Amino acid sequence: MTSTSKRPASSVRQLLAPALVVGVLAVAGVLLHRTFRHLSWAQLGGDLLALGPGVAVAAVVATVASYVAMTGYDALALRYVGHPLPYRRFGLASFVATAFGNNLGASAVVGAALRARVYSGWRVPGPAITRIIGFNLVTLGLGVAVLAGGGMVQDPAGVGQALRAPAWAVATVGSVLLASVLGYVGWAVVGRGPIGRRGWRVERPSPALALAQVALSTVEWLTMAAVLYVLLPAEGRLPFLAFAVAFAVATVAGLVSNVPGGLGVFESTLVVLLGSTTSSEGLAVALVAYRLCYFVLPLLLAAVLLVVHEARRGGASRSSLRVPSVLTPSVLALGVAGAGVFMLVVGDLPGRPTLDLSAVTISLAGLAALLTARGLHRRLRSAWTATLALLSGVTVVAAVHGDVVLSVATGVLSLLLVPARPAFHRGAVCVRPRSLVAVAVASVLVGVSVWWHECSRGLDAPLLAASFSGGTSWMDRLVLAAGTVGVVVGVRWVVRPRTLGPRTVDEDEMAQVSDIVARTGRCLSQLAFTGDKRFHFSPGGGAFLMYEVEGRSWVVMGDPVGDPGDFRELVGSFVAEVDRHAGRPVFYNVRADHAELYRECGLSLAKLGEEAVVPLADFSLSGKARTNLRTCRNKSRRLGMSVEFVAPADVEPLLPALREVSQAWLEERNGKEKRFSLGAFDEEYVRRFPLVVVRQEGRITAFATLWISADDAEVQVDLMRRLPDGPNGVMTFLFVECLLWAQENGFASFNLGMAPLAGLSTGATASFWDRAGHLLWTHGEQFYNFRGLRDFKQGFGPQWRTCYVAAPGGPALPNAMVNVATLVGGGIRGVVRG
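What you are looking at is a predicted structure, and each value in this text was computed from that prediction instead of being measured. (Residues numbered from 1 in each chain as written. Predicted model: local features only at pLDDT ≥ 70, side-chain atom pairs only at ≥ 80, totals over all residues. Heavy atoms only, no water.)

Asker: I'm lost on the overall build of the protein chain in this one. Help?
Answerer: Across its full length, the protein chain holds 31 helices and 14 strands. Residues classed as buried in the protein chain amount to 48% of the 834 residues present. Long-range pairs, those at least 24 residues apart, make up 73% of the contacts in the protein chain between residues at least 6 apart in sequence. By element, 63% of the accessible surface of the protein chain is carried by carbon and sulfur atoms, the whole surface being about 38,000 Å². (Helix = DSSP H or I, 4+ residues; strand = E, 2+ residues; numbered from the N terminus. Buried < 20%, exposed > 50% of the residue type's maximum accessible area, 1.4 Å probe, protein only. Contact = heavy atoms within 4.5 Å. Areas by Shrake-Rupley, 256 points an atom, 1.4 Å probe, with all protein chains shown as cover.)

Structure, rendered in structure tokens:
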């Protein structure tokens, strides 16, 4: 029962999304380099000042108007969900979510998370927050449709010139966009109730609300486009509507790319659309000024407001904001990331003292700060140590060079990190030989890069400027790439959370598990013997949790097992251990008995499905409701089928025949063994349990293993297999005989197992998980026989008992469920094949 190493497919999945983002950035970078390679970065500051105060004020006013209009999205959304709030509250949520979402990438996810964070502090229910987020996305789409569609219809020739498309095609697309907006408004005016099927519904907004959405979103998009428009040189500038269409296309491209702030993607798209009408120099200056005005300034203000909000949320008054309570790891990470961006972009230090560093070296330090900031956000102790050392070094170097601003900024951040040390409690990485090799290689790459640029002095420009400069030699580019790779690899290893070693068998541990299960275990507790789980014991040793790690999720199978008096301490110590590893605790297939205990640990309960339990005291095959069961039993007997119940001691001789049945069943399904939440065909595992065997003319055609609870009150079927060419109804026959056998032997109930996703809520207050799960249950028959399984179990007249998953709420829940599905399916292929 030893574990295997981490699956290669998992690493491929983790690298795929970053690789796509890097690929998009690379294409954008090449295009921008070709367009702006002749420009001098040294003149950028003067070019920005040359824009003049009038242009700057106009851009700032348009920025303010755009963000104020964006807060109106939430005003309309709160009216839509029937949960009004004062403007000072929803205005804060909207502004912070928008400013951070614009800058951090994956803006829909980041904005949703921050809105959920702020609104939850104002007691807005979770389902209402989900509807607010969806409503805001619709409002955003309406504005871009009006802006782009209106511009295309009003001036198809001018827009066609910008988009490199024929006028007729532009007019057609514009008409479709405007028609979609009119259709939405028409549905709001003359529609009859919500749209959707069964549990998946979208409530119809009022006509006034729909019109307000269109008007407000259009204003927001127009003001956002106006920020960049006023910064462009007047000579050769497109008419505003034609420009606004190009701006909308570029913005959407940046959003879809998931690159932070759409950086590079937005600019390269505009270069393609506007390059022939606007000078490259004027466009470059306008784009930099636009980034500063619309992205950087709002982000700084949002960071201050978020700090104040978190301080008040933590109980501090306006007059008593204590530093340790305000400076959460996330806030400190934001400050370090800001310093990193400054060093990465600016790079150069004033003066030429004895201790002289090139701009490339300072930029590499900025890149390292950006990477360690992520580790600070995750509360890693190693990230705290690395960041403190890095900032202290930069402070000394900046002070020697006379750079007062950078020295003060990094010095203050270093001082603020010191008292925050207890917050960074998560463990360091597990040192392995290949990790040491990676760090050694990274150190050599960084060392070579620093040595080259300090000794040659052939290149002394910030990293980004040097990368895009046309005067950079191929050798300098190669060394730049080596230094960048070295920093990324080295810092990634430093800030990586500690990982668990391979799972191994401990005979004393398994003896302790066996003793606890034999004394107090439910039927589900028998999964402790599948050989694919780790164990976490209570301090007193009277209870345990069985779990495995997949991705960031530490997935516990079922409720705690053992002495109930140990459960609180057991669950608390497990959650603390998961937190030290920067993981995510997930309790899979649990009952409501311990719901409060899970909630005390900060977890939310989501319905997973329903478990069918048949009370045996009154079970009978007589009566109209049991006609199908009687018919199946009688038919099976006429076909020569019989049932045999085998004690664990007598299973050994049957194993070869059982293996043939199991292998045939797997081959017919073209699948693989499931794991974790049910048993697999392993001879050591199968011989532990009683067995029910169905024979036809002496040949085994089906079998199942039986779990028995420690109090001998309940029986449950686990591993089930049948021959593909066996008689129809053999599994129904098997279940009927099992129920009668359990009844004759004095058991109180028979557990038929869970019907996944059954019974999920579909009302107006249903959560996103409930709605998504119900949609899959309704329309996902090609993946899994959800309805058929529940209908089959319903034929036995069971009582349905709700099963839950306890996990962190919000966006973490879907990720956790993907990890659970991967564990159960034995990998992604197992999930897809079913």
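Asker: Help me out: how do you make sense of the packing of aromatic side chains in this one?
Answerer: Two descriptors summarise a pair of aromatic rings, namely the distance from one centre to the other and the angle between the planes of the rings. Across all of its chains, the model carries 25 aromatic pairs by this definition. Centroid distance Tyr685 to Phe689: 5.0 Å. Interplanar angle 70°. Geometry classified as edge-to-face. On the accessibility criterion, Phe689 (4% relative accessible area) is buried. A ring pair is formed by Phe735 and Phe792, whose centres lie 5.7 Å apart and whose planes are at 75°; its orientation type is edge-to-face. In this pair, Phe735 sits in helix 27 (residues 730-744) while Phe792 sits in helix 29 (residues 786-794), placing the two residues 57 residues apart along the sequence. Site record: aromatic cluster; members linked through ring pairs are Tyr67, Phe95, Tyr229, Phe240, Phe243, Phe247, Tyr290, Tyr294 and Phe295. The positively charged end of Arg421 is found above the aromatic ring belonging to Trp384, 5.5 Å away from the centroid. (Phe/Tyr/Trp six-rings, centres within 6.5 Å; stacked < 30°, edge-to-face > 60°. Lys NZ or Arg CZ within 6 Å of the ring centre and 35° of its normal.)

Asker: Teacher, can you tell me more about a nonpolar patch on the surface here?
Answerer: Together, Val60, Val64, Val68 and Tyr87 give the surface a local cluster of nonpolar side chains, amounting to about 360 Å² of exposed area. Sort the elements by how many residues they give to the nonpolar patch and helix 3 (residues 53-81) lands first, with three residues. Its location among the elements puts Val60 in helix 3. (Patch = residues over 30% accessible without salt bridge, like charges linked within 9 Å, V, L, I, M, F, W, Y side chains within 5 Å. Salt bridge = Lys/Arg side-chain N within 4 Å of Asp/Glu carboxyl O.)

Asker: Would you explain the nonpolar core in this entry?
Answerer: One recurring pattern in soluble globular proteins: nonpolar side chains tend to sit buried together. Ranked by internal contacts, the top residues of the largest apolar core, which has 44 residues, are Trp221, Leu228, Phe243, Phe247, Phe266, Leu270 and Tyr290. Among the elements of the structure, helix 3, helix 4 (87-104), helix 6 (126-154), helix 9 (207-231), helix 10 (240-257), helix 11 (265-274) and helix 12 (280-313) are those that each provide at least two residues to this core. Considering every element that reaches this core, the biggest residue donor is helix 12, with eleven residues. Contacts of Trp221, omitting those with residues within four sequence positions, involve Tyr73, Leu140, Gly143, Val144, Leu147, Phe247, Ala248 and Thr251. Formed by 34 residues, the second largest nonpolar core is a distinct cluster that contains Leu527, Phe529, Met546 and Val555. (Core = buried A, V, L, I, M, F, W, Y, C linked by side-chain atoms within 4.5 Å.)

Asker: Which parts of the structure should I look at to understand the side chain of Ser677?
Answerer: On the secondary structure map, Ser677 appears in the loop between helix 25 (655-669) and helix 26 (683-686). Dropping the residues within four chain positions of it, Ser677 is found in contact with Leu527, Met557, Tyr588 and Val824.

Asker: Even after reading the chapter, I still don't get the pairing of strand 5 (residues 553-557), so can you show me in this structure?
Answerer: Taken residue by residue, a regular strand's side chains alternate between the two faces of the sheet. For strand 5, the buried fraction is high: five of the five residues fall into the buried class. The alternating pattern of strand 5 places Ser553, Val555 and Met557 and Trp554 and Val556 on opposite faces, both of which are buried. As defined by bridge partners, strand 4 (residues 543-550) adjoins strand 5 across four bridges and the pair is classed as antiparallel. By the bridge assignment for strand 5, Val549 is matched with Trp554. Where strand 4 folds back on strand 5, the antiparallel hairpin that results is connected by two residues, among which Gly551 adopts a positive phi of roughly 65°. In this sheet, strand 7 (residues 584-590) lies alongside strand 5 in parallel orientation, the contact comprising five bridges. Along strand 7, the bridge assignment pairs Met557 with Tyr588. (Pairing = 2+ DSSP bridges.)

Asker: What's the story with the side chain of Asp718 in this structure? I'm lost.
Answerer: Position of Asp718 among the secondary structure elements: in strand 12 (residues 714-722). Residue contacts for Asp718: discarding those within four places in its chain leaves Leu678, Gly679, Tyr685, Thr705 and Trp707.

Asker: Can you walk me through the pattern of salt bridges in this structure?
Answerer: Pairs can form between side chains of opposite charge whenever their charged atoms are close. Scanning the entire structure with this criterion turns up 16 salt bridges. Taking the shortest distance from any N to any O, the salt bridge between Glu652 and Arg687 comes out at 3.0 Å. Residue Glu652 is located in the loop between strand 9 (641-646) and helix 25, and its partner Arg687 is located in the loop between helix 26 and strand 10 (691-696); the two are separated by 35 residues in the primary sequence. Each member of the salt-bridge network shares a partner with another, and the members are Glu652, Arg659, Glu683 and Arg687.

Asker: Looking at this structure, I do not really get empty space enclosed by the protein. What am I missing?
Answerer: Space left empty within the atom packing is revealed by a probe, the size of a water molecule, rolled over the atoms. Tallied over the entire structure, the rule returns two cavities of 30 Å³ or more. Computed from the structure, the second largest cavity encloses a volume of approximately 40 Å³. As for the second largest cavity, its lining consists of Thr530, Asp532, Lys674, Arg675, Phe676, Leu678, Gly679, Ala680, Asp682 and Tyr685. When the residues that make up the lining of the second largest cavity are grouped by side-chain class, the tally is four nonpolar, two polar and four charged. (1 Å grid on protein atoms, 1.4 Å probe; cavity = no way out; pocket = protein on both sides within 12 Å on 5 of 7 lines; lining within 4 Å. Points joined across faces, edges and corners; volume = space filled by probe spheres on them. Nonpolar A, V, L, I, M, F, W, Y, C, P; charged D, E, K, R; others polar.)

Asker: Please explain the packing of helix 3 against helix 9 as it appears in this structure.
Answerer: Geometry of a packed helix pair, given as the angle between the helix axes and the separation of the axes. The N-to-C vectors of helix 3 and helix 9 enclose an angle of 160°; their axes lie 8 Å apart at closest approach. Relative to helix 9, helix 3 is oriented roughly antiparallel. For the crossing formed where helix 3 meets helix 9, the hand is left-handed. Of the residues that constitute the contact of helix 3 with helix 9, the class distribution is 19 nonpolar, six polar and two charged. (Axes fitted to C-alpha atoms, helices over the stretch in contact; angles between N-to-C directions. Parallel < 35°, antiparallel > 145°, perpendicular 65-115°, else oblique. Left-handed = near helix turned anticlockwise from the far one by under 90°.)

Asker: Explanation requested: the packing of helix 24 (residues 627-638) against helix 27 in the structure shown.
Answerer: Following both chains from N to C, one finds helix 24 and helix 27 inclined at 105°, their axes separated by 9 Å at the closest point. By the angle between their axes, helix 24 is roughly perpendicular relative to helix 27. For the pair helix 24 and helix 27, the contacting residues are Leu629, Cys632, Arg633, Ser636 and Arg637 in the first and Thr732, Phe733, Val736, Glu737 and Leu740 in the second.

Asker: Please explain the confidence of the model for the protein chain as it appears in this structure.
Answerer: Detailed reading of the predicted coordinates is not advisable wherever pLDDT falls low. Predicted confidence across the protein chain gives a mean pLDDT of 77, with 72% of residues reaching 70 or more. With pLDDT under 50 throughout, residues 828-834 is counted as low confidence; its partners more than four residues away or in other chains account for eleven contacts. (pLDDT = per-residue confidence, 0-100.)

Asker: Help me understand the pairing of strand 7, please; the structure alone is not making it clear to me.
Answerer: When you tally the buried positions in strand 7, you get seven out of seven residues, the bulk of the element. Relative to strand 14 (residues 799-807), strand 7 runs antiparallel, the two being bridged by three bridges. Following the sheet pairing, Tyr588 is matched in strand 14 by Val805.

Asker: Sorry if this is basic, but what is going on with helix 16 (residues 381-401) here?
Answerer: One turn of the α-helix equals 3.6 residues, which is why residues spaced by three or four share an orientation. Over its 21 residues, helix 16 extends 30 Å from the first C-alpha to the last, a length consistent with the 30 Å expected when each residue adds 1.5 Å. Within the sequence span of helix 16, burial applies to Ser382, Ala383, Trp384, Thr387, Leu388, Leu391, Val394, Thr395, Val397, Ala398 and His401. Following helix 16 by one or two positions, Gly402 has its phi on the positive side, about 85°. (Expected span 1.5 Å × (residues − 1).)

Asker: Mind showing me how you'd approach the environment of Ala649 here?
Answerer: Relative to the helices and strands, Ala649 is located in the loop between strand 9 and helix 25. For Ala649, a relative accessible area of 71% puts it in the exposed group. Remark: the alpha-carbon pair of Ala649 and Arg687, spanning 38 residues in sequence, is separated by 7.4 Å.

Asker: What is the right way to look at unusual backbone geometry in this model?
Answerer: Of all residues except glycine, most have a negative phi; of all peptide bonds, most are trans. Its identity as a non-glycine residue notwithstanding, Glu697 has a phi of 55°, on the positive side. Position of Glu697 among the secondary structure elements: in the loop between strand 10 and strand 11 (699-708). The exposure class assigned to Glu697 is exposed, which follows from its relative accessible area of 77%. Unusually for a residue other than glycine, Asp712 sits at a positive phi of about 55°. With respect to the helices and strands, Asp712 occurs in the loop between strand 11 and strand 12. Looking at Asp712, the relative accessible area reads 49%, which means it is partly exposed.

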